[in-house]
Amino acid sequence: MWLLIQSAFKHIDVAVTSLIDICDQLSEQDLKLTPIEGKRPVGELLSHLSVICRADVYISEGASEEDMAAFYEQNNPLTLCQIKQALVDNQMYLYQRYRQFNTEELLQVTDSYWGASYSRLEWLLEIMGHVYHHRGQLYTMLNMTGKDLKVKLFE
C-alpha cells in the first residue's frame, strides 16, 4: 500500500516542481492573461492549482460546499511568490496527512459534498489527476500566448 502512496507522491512532486518552474518563467503581468475567452485568467488558475492539494483533502474528509467556499476565500494567493509558497505548503500538508493513515484508513470510503465516493487511496489519485489536469490546461494557455516554456512536465 505504501508503495502506491509513494508513487503518487512522486508524480505530485513532478507536477509541483514543474509548476514552480513555470512560475519562475512568468511575470506578475502574465497572471492577468486570459488566452481562452470565458476561462479563468492565468493567475486565477495558478491560484487554484496552488491550493488543490489541501482543498481536495478537505473535500475528501467531508467538508461542505460552504466550508470550501470559505476555504477558497481565505486561501487565494495572488502573487507568483505567494503561489509558489502555497504550492509547497499545500503539497506538504497532503503528504503529512496521508502519512498518518494506516492501511484500513486508506481503504475507507469517504464522500464529497456533491456525492462522489472514493477510498482515501482513490482520493489521492483524484488529487494527482486534478493537479495534472489543470497543469496541462495552464501549459496550453501559456503556449497560446506565445510563451515558450522550458519545463519538464514528465520524468
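Residues numbered from 1 in each chain as written. Predicted model: local features only at pLDDT ≥ 70, side-chain atom pairs only at ≥ 80, totals over all residues. Heavy atoms only, no water.

Caption draft 1: Examining the nonpolar core more closely. With 49 residues, the main nonpolar core has Ile12, Val42, Leu46, Leu94, Tyr98, Leu124 and Leu138 as its most contacted residues. Looking at this core, the elements with two or more residues in it are helix H1 (2-24), helix H2 (42-60), helix H3 (65-74), helix H4 (80-99) and helix H6 (120-144). Residue contributions to this core peak at 11 residues, all from H1. For Leu124, the contacting residues outside a window of four places in its chain are Ile5, Ala8, Phe9, Ile12, Leu94 and Tyr98. (Core = buried A, V, L, I, M, F, W, Y, C linked by side-chain atoms within 4.5 Å. Buried < 20%, exposed > 50% of the residue type's maximum accessible area, 1.4 Å probe, protein only. Helix = DSSP H or I, 4+ residues; strand = E, 2+ residues; numbered from the N terminus. Contact = heavy atoms within 4.5 Å.)

Caption draft 2: Representation of a nonpolar patch on the surface. Judged by side-chain polarity, Met1, Trp2, Leu4 and Leu107 come together as a nonpolar surface patch covering roughly 360 Å² of accessible area. The topology assignment puts Leu107 in helix H5 (residues 103-107). Residue classification places Leu107 among the partly exposed positions, given a relative accessible area of 46%. (Patch = residues over 30% accessible without salt bridge, like charges linked within 9 Å, V, L, I, M, F, W, Y side chains within 5 Å. Areas by Shrake-Rupley, 256 points an atom, 1.4 Å probe, with all protein chains shown as cover. Salt bridge = Lys/Arg side-chain N within 4 Å of Asp/Glu carboxyl O.)

Caption draft 3: Region of interest: the side chain of Ser18. Mapped onto the elements, Ser18 comes out in helix H1. By relative accessible area, which is 1% here, Ser18 ends up buried. Within polar-contact distance, the side chain of Ser18 engages the backbone oxygen of Ala15 at 2.8 Å. (Polar contact = N/O pair within 3.5 Å; in protein donor to acceptor, adjacent residues only side chain to side chain.)

Caption draft 4: Region of interest: the packing of H2 against H6. For the pair H2 and H6, interaxial distance at closest approach is 10 Å and the crossing angle is 175 degrees. One way to sum up the angle between H2 and H6 is to call them roughly antiparallel. Here Val42, Leu45, Leu46, His48, Leu49, Ile52, Cys53, Asp56, Val57, Ile59 and Ser60 of H2 lie close against H6, whose contacting residues are Trp123, Ile127, His130, Val131, His134, Arg135, Gln137, Leu138, Met141 and Leu142. Considering only residue class, the contact of H2 with H6 consists of 14 nonpolar, 5 polar and 2 charged. (Axes fitted to C-alpha atoms, helices over the stretch in contact; angles between N-to-C directions. Parallel < 35°, antiparallel > 145°, perpendicular 65-115°, else oblique. Nonpolar A, V, L, I, M, F, W, Y, C, P; charged D, E, K, R; others polar.)

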